[in-house]
Amino acid sequence: MAERNYTAVTEFFLTAFTEHPEWRLPLFLVFLSFYLATVLGNTGMIILIHGDRRLHTPMYFFLSHLSLVDVCHSSTIIPQMLAVLWEHGTVISQARCATQFFLFTFFASIDCYLLAIMSYDRYAAVCQPLLYVTIMTEKAHWSLVTGAYVAGFFSAFVRTVTAFTLSFCGNNEINFIFCDLPPLLKLSCGDSYTQEVVIIVFAVFVMPVCILVILVSYLFIIMAILQIHSAGGRAKTFSTCTSHLTAVALFFGTLIFMYLRDNTGQSLEGDRVVSVLYTMVTPMLNPLIYSLRNKEVKEAVRKALSKSKAARRP
């Protein structure tokens, strides 16, 4: 270490997609439209759920928190990405990079937990319909959501503190859409073994545990559905779960591809595309998924639109 010239890094230079100047304006407009659609769609979902008494159920309570987290998740990433595109790269301090990393990990972890909680809610509704009201009491669903936020904070805090005990020196360019762990590890100049262990621990104790809860819940749901004699009854029962399953596949599919694989020799371009999917596309699509495939939400939207038209009439 003493024989080499190491310059300590106190700030980072975000340069994602700037190597293609011709993409600058199209990507800026696409990401801006993603962000506006995410904010409007998820905010609209929250307002709809709180404004329609028919949606005052545990499932929609969890969905309103998922929408809130999706807005916060996107707001942590997309404005910074727009600044990078607009300014052909942006310099951020190490403290600001750590803050962004913490917030991203915090909201991503809560997303994992909420999707697992929603699968348990579907299990209780399908497999224990007579006991559902006593299982999913107001106290129970507030406790579950509070637990998701607390666990998300703990996970984000541990990962952030561990990641930013790394020594960064020499090159300070992050050719990525935000301060995430894989590009940060590439900039470290010391032993990153401990930090990589934390990645594995996070992967093992957050994602797979949530996925296990989801898989077990849906195993029992499928068994319950198969016991229904009529095809129409089976289809109707399963339709209450399809929106959640689609959201789970989108979110966990991209996260698994990004984090549960060997990063050596992987294409940075491919990593950036995947990161766009789980930070921008998935939060934008969630309101669409739950509104297009959900009868109650469709009826609430129609009711809200008819009220709006009636209010505009003289």
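Conventions used here
Residues numbered from 1 in each chain as written. Predicted model: local features only at pLDDT ≥ 70, side-chain atom pairs only at ≥ 80, totals over all residues. Heavy atoms only, no water. Helix = DSSP H or I, 4+ residues; strand = E, 2+ residues; numbered from the N terminus. Contact = heavy atoms within 4.5 Å. Areas by Shrake-Rupley, 256 points an atom, 1.4 Å probe, with all protein chains shown as cover. UniProt positions renumbered as here; feature names shortened; annotations may be inferred. Patch = residues over 30% accessible without salt bridge, like charges linked within 9 Å, V, L, I, M, F, W, Y side chains within 5 Å. Salt bridge = Lys/Arg side-chain N within 4 Å of Asp/Glu carboxyl O. Axes fitted to C-alpha atoms, helices over the stretch in contact; angles between N-to-C directions. Parallel < 35°, antiparallel > 145°, perpendicular 65-115°, else oblique. Left-handed = near helix turned anticlockwise from the far one by under 90°. Nonpolar A, V, L, I, M, F, W, Y, C, P; charged D, E, K, R; others polar. Buried < 20%, exposed > 50% of the residue type's maximum accessible area, 1.4 Å probe, protein only. Expected span 1.5 Å × (residues − 1). Polar contact = N/O pair within 3.5 Å; in protein donor to acceptor, adjacent residues only side chain to side chain. Disulfide = S-S within 2.5 Å. Core = buried A, V, L, I, M, F, W, Y, C linked by side-chain atoms within 4.5 Å. Phe/Tyr/Trp six-rings, centres within 6.5 Å; stacked < 30°, edge-to-face > 60°. Pairing = 2+ DSSP bridges.

The chain carries the name Olfactory receptor in an unreviewed UniProt entry, which gives Sapajus apella as its organism.

A. The overall build of the chain, seen in detail. Tallying secondary structure elements over the chain gives 11 helices and three strands in all. Taken from the N to the C terminus, the helices and strands of the chain come in the order β-α-α-β-α-α-α-β-α-α-α-α-α-α. Looking at the chain alone, contacts between residues at least 24 apart form 80% of all its contacts between residues at least 6 apart. As displayed, the chain offers around 15800 Å² of accessible surface, 68% of which is attributable to carbon and sulfur atoms.

B. Quick look at the UniProt feature "transmembrane region" (unreviewed entry) in the chain. According to UniProt, the feature "transmembrane region" (unreviewed entry) maps to residues 27-49, 61-86, 98-120, 140-158, 197-226, 238-260 and 272-292 in the numbering used here. A distance of 32 Å separates the end C-alpha atoms of residues 27-49, which is 100% helix and 0% strand. Within the segment residues 61-86, helix and strand shares are 100% and 0% respectively, and the terminal C-alpha atoms sit 38 Å apart.

C. Inspection of a nonpolar patch on the surface at higher detail. Together, Tyr120, Tyr193, Val197, Val201, Phe205, Val209 and Val213 give the surface a local cluster of nonpolar side chains, amounting to about 630 Å² of exposed area. Put simply, the parts of the chain that give the nonpolar patch at least two residues each are helix H7 (193-205) and helix H8 (207-226). Top element by residues in the nonpolar patch is H7. It accounts for four residues. If you trace the backbone, valine 201 turns up in helix H7.

D. Quick peek at the pattern of salt bridges. All chains considered together, the criterion is met by two salt bridges. Residues arginine 54 and aspartate 52 are paired through a salt bridge, measuring 3.1 Å at the closest nitrogen-oxygen approach.

E. Region of the structure containing the packing of helix H2 (residues 58-86) against helix H3 (residues 94-127). Two elements in contact, H2 and H3, have axes whose closest approach is 9 Å; the angle formed by their N-to-C orientations is 160 degrees. The angle between H2 and H3 falls in the class roughly antiparallel. The two elements H2 and H3 meet at a crossing, and its hand is left-handed. Of the residues that constitute the contact of H2 with H3, the class distribution is 17 nonpolar, five polar and five charged.

F. Quick look at the environment of valine 209. As for its position among the elements, valine 209 is in helix H8. Among the residues examined, valine 209 registers a relative accessible area of 40% and is labelled partly exposed. Along the chain, valine 209 and tyrosine 113 lie 96 residues apart, while their C-alpha atoms are 9.2 Å from each other.

G. Summary view of helix H1 (residues 24-51). Over its 28 residues, H1 runs 40 Å from end to end, which matches the ideal 40 Å to within 8%, given 1.5 Å per residue. Taken together, the buried positions of H1 are occupied by Leu27, Phe28, Phe31, Phe34, Tyr35, Thr38, Asn42, Met45, Leu48 and Ile49.

H. Spatial organisation of the side chain of threonine 90. Structurally, threonine 90 can be placed in strand S2 (residues 90-93). Within the structure, the side chain of threonine 90 is placed 3.5 Å from the side chain of glutamate 87, a separation counted as a polar contact. Beyond its immediate chain neighbours, meaning those up to four positions away, threonine 90 contacts Phe12, Phe13, Leu14, Gln80, Ala83 and Val84.

I. View of the state of the cysteines. With the rule as written, the count across this model stands at one disulfide. Here cysteine 112 is not disulfide-linked; the sulfur of cysteine 210 is the nearest cysteine sulfur, at 5.1 Å.

J. A look at the nonpolar core. Ranked by internal contacts, the top residues of the largest apolar core, which has 87 residues, are Phe12, Phe17, Phe31, Met81, Ile174, Ile177 and Phe252. The residues touching phenylalanine 12, leaving out its near neighbours within four places in the chain, are Thr90, Val91, Ile92, Gln94, Cys97, Phe168, Asn172, Ile174, Leu184 and Leu187.

K. Quick peek at the packing of aromatic side chains. Applying the stated criterion to the full structure yields 14 aromatic pairs. Note on phenylalanine 102 and phenylalanine 153: the rings are 5.6 Å apart at their centroids and 80 degrees apart in plane angle, and the pair reads as edge-to-face. One end of the pair, phenylalanine 102, is in helix H3; the other, phenylalanine 153, is in helix H5 (residues 138-163), and 51 residues separate them in sequence. Relative to phenylalanine 252, the ring of phenylalanine 251 lies with its centre 5.4 Å away and its plane at 85 degrees, an arrangement referred to as edge-to-face.

L. Structural context of the pairing of S2. The side-chain alternation of S2 yields one buried face, formed by Thr90 and Ile92, and one unburied face, formed by Val91 and Ser93. As judged from the four bridges shared by strand S1 (residues 11-14) and S2, these two strands associate in the antiparallel manner. Its bridge partner lying in S2, phenylalanine 12 is registered against isoleucine 92.

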